[in-house]
Amino acid sequence: MTERLDRVARGWDEAADGYEQYFVPRFAAWVKTAVGAIGGVPDGPVLVPCCGTFPELELLVERFPGRELAGIDLSGGMVRRARERAARLDHPSVQVVQADASSLDARWSGLCAAVVSVFGLQQLPDPEAAIRSWVGALTSGGRMCVVYWPGETEDDGPFALLGKVIGERSDYSWEDRLLADLGEAVIERDELVSYPMTHPDAATYFDAADHAGPMRALALARGDAYIADLRARFVADAPAGEWTHHPRARLIVVRKPLSRAEAARPTS
Ligand SMILES: C[S@@+](CC[C@H](N)C(=O)[O-])C[C@H]1O[C@@H](n2cnc3c(N)ncnc32)[C@H](O)[C@@H]1O
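Described below are features of the structure shown in this document. (Residues numbered from 1 in each chain as written. Predicted model: local features only at pLDDT ≥ 70, side-chain atom pairs only at ≥ 80, totals over all residues. Heavy atoms only, no water.)

## A short note on the packing of helix α1 (residues 3–36) against helix α7 (residues 202–212)
No. 1: Orientation of α1 relative to α7, taken along the N-to-C sense of each, is 140°, at an axis distance of 7 Å. When the axes of α1 and α7 are compared, the pair comes out oblique. Facing α1, whose interface residues are W12, E14, A15, G18, Y19, Y22 and F23, α7 presents T204, Y205, A208, A209, H211 and A212. (Axes fitted to C-alpha atoms, helices over the stretch in contact; angles between N-to-C directions. Helix = DSSP H or I, 4+ residues; strand = E, 2+ residues; numbered from the N terminus. Parallel < 35°, antiparallel > 145°, perpendicular 65-115°, else oblique. Contact = heavy atoms within 4.5 Å.)

Shown next, in the form of structure tokens:
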């Protein structure tokens, strides 16, 4: 594992318990949108790269009873939580694999009815390669539904303010190239999806992002003094009291077409 990947994994290990409590309920509408976008698909397993604590699972079990469902996550802490969720649901064929989801294991290639992933793509070192790998896992007629946080999620609000106080913009040029080079796959949807999200106050949001969210890896890299300075600037610039915003995520739905022979086969 590279040093960067190791830090990402350790960050999410430390964040896992808090993530389930703070972010899972706030991200639920996007999870529902992503799973709902799968629609009708052929037989085959459903993969969930970057599953975290696996909040997609309840919806998938309901939608695909009896199917093989597999979550994949880099973080051991997240995988432990996801396995606890799977055990509670008692679905016969759920597995949670600890692995780098940037490039899926070859055993899934051309086999999967669906690949659904929420809020993981933007964290991967090479999102374009990941998308190609995820589409490569689809069987004919299968669908990939991805929701991720783009470089611009909102004009103001806590996500925008956090980006401003951190002040270093990651390279998001990959967003424009994401859907190039997917071969015969058909892009069915590419849109921004926004829902309201409410935080009790600015400090509570900051502490959740720090201890229970994506900032944990940054905190591990930069240390306590850096985070304390960020926090002070964030709270000073934020509005007082409860804070509701409407961040926009990007939803992408891609379908692998049926082969000519499959398309010509009579359906009854
Ligand atoms: C924001 S959480 C999203 C979890 C879940 N899908 C949800 O919607 O709540 C992002 C997850 O991506 C995982 N992740 C980050 N980089 C990864 C990688 N290279 N391979 C697999 N998982 C990764 C993290 O461990 C974390 O659990």
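## So, the packing of aromatic side chains
No. 1: Applying the stated criterion to the full structure yields 19 aromatic pairs.
No. 2: Arranged with centres 5.4 Å apart and planes meeting at 40°, the rings of F23 and F27 form a pair that is tilted. Of this pair, F23 and F27 both sit in helix α1, four residues apart, which is roughly one turn of the helix.
No. 3: The class for F23 is buried, based on a relative accessible area of 3%.
No. 4: Note on Y148 and W174: the rings are 5.3 Å apart at their centroids and 45° apart in plane angle, and the pair reads as tilted. One end of the pair, Y148, is in strand β5 (residues 138–148); the other, W174, is in helix α6 (residues 174–177), with 26 residues separating them in the sequence.
No. 5: When its relative accessible area of 0% is taken as the criterion, Y148 is described as buried.
No. 6: Exposure remark for W174: the relative accessible area of 8% places this residue in the buried category.
No. 7: In this arrangement the basic side chain of R26 is found over the ring face of Y22, its NZ or CZ atom lying 3.8 Å from the centre.
No. 8: The aromatic ring of Y226 is capped on one face by R222, whose charged end is 5.1 Å from the ring centroid. (Phe/Tyr/Trp six-rings, centres within 6.5 Å; stacked < 30°, edge-to-face > 60°. Buried < 20%, exposed > 50% of the residue type's maximum accessible area, 1.4 Å probe, protein only. Lys NZ or Arg CZ within 6 Å of the ring centre and 35° of its normal.)

## Here we look at the site of the ligand
No. 1: Taken together, 22 residues are adjacent to the ligand, and Y19, E56, D73, D100 and A101 come closest.
No. 2: Y19 places a polar side-chain atom, nitrogen or oxygen, 2.6 Å from an oxygen atom of the ligand.
No. 3: With respect to the ligand, the backbone of A101 contributes an N or O atom lying 2.8 Å from a nitrogen atom.
No. 4: Contact with the protein chains hides 98% of the accessible area of the ligand, taken as 600 Å² for the molecule alone.
No. 5: The dominant element in the shell around the ligand, judged by the number of residues it contributes, is α1, at five residues.
No. 6: The residue makeup of the shell around the ligand, split by class, is 15 nonpolar, four polar and three charged. (Near = heavy atom within 4 Å. Polar contact = N/O pair within 3.5 Å; in protein donor to acceptor, adjacent residues only side chain to side chain. Areas by Shrake-Rupley, 256 points an atom, 1.4 Å probe, with all protein chains shown as cover. Nonpolar A, V, L, I, M, F, W, Y, C, P; charged D, E, K, R; others polar.)

## So, unusual backbone geometry
No. 1: Even without being glycine, C50 reaches a positive phi, approximately 60°.
No. 2: Mapped onto the secondary structure, C50 falls in the loop between β1 (46–49) and α2 (57–63).
No. 3: Under the relative-accessibility criterion, C50 is labelled buried at 17%.
No. 4: Here D90, not a glycine, exhibits a phi torsion of approximately 55°, which is positive.
No. 5: Assignment of secondary structure puts D90 in the loop between α3 (76–89) and β3 (94–98).

## What to know about the pairing of β3
Within a regular beta strand, the side chains point alternately toward one face of the sheet and then the other, so they alternate between its two faces.
No. 1: Pairing geometry for strand β2 (residues 69–73) and β3, over five bridges, is parallel. The residue bridging I72 from the neighbouring strand is V97, located in β3.
No. 2: A crossover links β2 with its parallel partner β3, the connecting element being α3, and its sense is right-handed. (Pairing = 2+ DSSP bridges. Right-handed = clockwise from strand over helix to strand, strands pointing away.)

## Quick look at the nonpolar core
No. 1: In this structure, W30, I38, L60, V116 and F234 are the most contacted members of the largest nonpolar core, which totals 64 residues.
No. 2: It is α1 that contributes the most residues to this core, 15 residues altogether.
No. 3: In this structure, V135, A137, Y148 and W174 belong to the second largest nonpolar core, which totals 27 residues. (Core = buried A, V, L, I, M, F, W, Y, C linked by side-chain atoms within 4.5 Å.)

## Focus on the sheet that holds β5
No. 1: Read from one edge to the other, the open sheet built from seven strands follows the order β3-β2-β1-β4-β5-β9-β6, with strand pairing classed as mixed. Each edge of the open sheet carries a strand with a single partner, namely β3 and β6 (186–194). Pairwise comparison of adjacent strand axes, ignoring direction, gives a mean angle of 15° for this sheet.
No. 2: Where α1 meets the sheet, its contacts fall on β4 (112–118), β5, β6 and β9 (248–255), and the angle it forms with β4 comes to roughly 160°.
No. 3: Against the sheet, α3 touches β2 and β3, its axis set at about 175° to β3.

Purely geometric numbers; function is a separate question.
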